[in-house]
Amino acid sequence: MYSGENFRFRFNPLRDFIYSTQFLQAEAMKYAYNHWRRAFGGPGAELCSGILVWQLNDIWPGTSWALVDSEMSLKPSFHITKRALAKVVVGVERLVTKKTPYMVTSYPPSKTRAAIWAVNGFTSSLPATLHLSAFDIETGS
């Protein structure tokens, strides 16, 4: 369901599906890192105050969560992790606005709203201005 909701892919040839799964892994890791970083509520309100990248590289070929494969090639998750752990990060998250009334995985919940958030990894405040534009995919406006 996650691949179908976020990517257009095919199972055949296999390399196309594998390519898609690499980006799914990267998106999952980005979501987790962003969630944990936003959970740091400042001194005295920390729900999470650190992130550990557990599996950086593989020593043999295989399916894993590693960021670098056994040939030392950087996987998409390496680049997205580097970006997600930058000092300053701004992001947008789609919010569930309506769930399907029954348990069916082929109908994902409606997500018609979004939350915009920012994380400042510096120890001092950082004045900034955010310019945001939104477009409707169906109408182009």
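Whatever comes next refers back to the structure up there.
Worth saying up front: this structure is predicted, and the values here are computed from it rather than measured.

## With respect to the environment of R94
For step 1, the next point in the chain: Relative to the helices and strands, R94 is located in strand β1 (residues 88-95).
For step 2, the next point in the chain: Note: C-alpha distance between R94 and A84 (10 residues apart in sequence) is 17 Å.

## Describing the packing of aromatic side chains
For step 1, the next point in the chain: Inspection of every chain in the model, using the stated rule, returns two aromatic pairs.
For step 2, the next point in the chain: Summarising the aromatic geometry, the rings of Y33 and W36 are spaced 6.1 Å apart at their centres and angled 65 degrees between planes, so their arrangement reads as edge-to-face. Linking Y33 with W36, this pair stays in helix α2 (residues 14-38), spanning three residues, or about one helical turn.
For step 3, the next point in the chain: The class of Y33 is buried, set by a relative accessible area of 4%.

## Some words on a nonpolar patch on the surface
For step 1, the next point in the chain: Nonpolar side chains collect at one region of the surface, where V88, V90, V92, I116, F122, L126, L130 and L132 lie side by side and expose about 740 Å² of accessible area between them.
For step 2, the next point in the chain: If one sorts the elements of the nonpolar patch by residue count, β1 sits on top with three residues.
For step 3, the next point in the chain: Look at L126 and you get partly exposed, because its relative accessible area is 43%.

## Concerning helix α3 (residues 76-84)
For step 1, the next point in the chain: Taken together, the buried positions of α3 are S77, I80, T81 and A84. Axial view of α3: buried residues confined to an arc of 105 degrees, hence all on one face. Of the exposed residues in α3, the ones pointing more than 90 degrees away from its buried face are K82 and R83.
For step 2, the next point in the chain: Against α2 and β1 lie the buried residues of α3.

Calculation notes
- Residues numbered from 1 in each chain as written.
- Predicted model: local features only at pLDDT ≥ 70, side-chain atom pairs only at ≥ 80, totals over all residues.
- Heavy atoms only, no water.
- Helix = DSSP H or I, 4+ residues; strand = E, 2+ residues; numbered from the N terminus.
- Phe/Tyr/Trp six-rings, centres within 6.5 Å; stacked < 30°, edge-to-face > 60°.
- Buried < 20%, exposed > 50% of the residue type's maximum accessible area, 1.4 Å probe, protein only.
- Patch = residues over 30% accessible without salt bridge, like charges linked within 9 Å, V, L, I, M, F, W, Y side chains within 5 Å.
- Areas by Shrake-Rupley, 256 points an atom, 1.4 Å probe, with all protein chains shown as cover.
- Salt bridge = Lys/Arg side-chain N within 4 Å of Asp/Glu carboxyl O.
- Arc of directions from axis to C-beta.
- Contact = heavy atoms within 4.5 Å.

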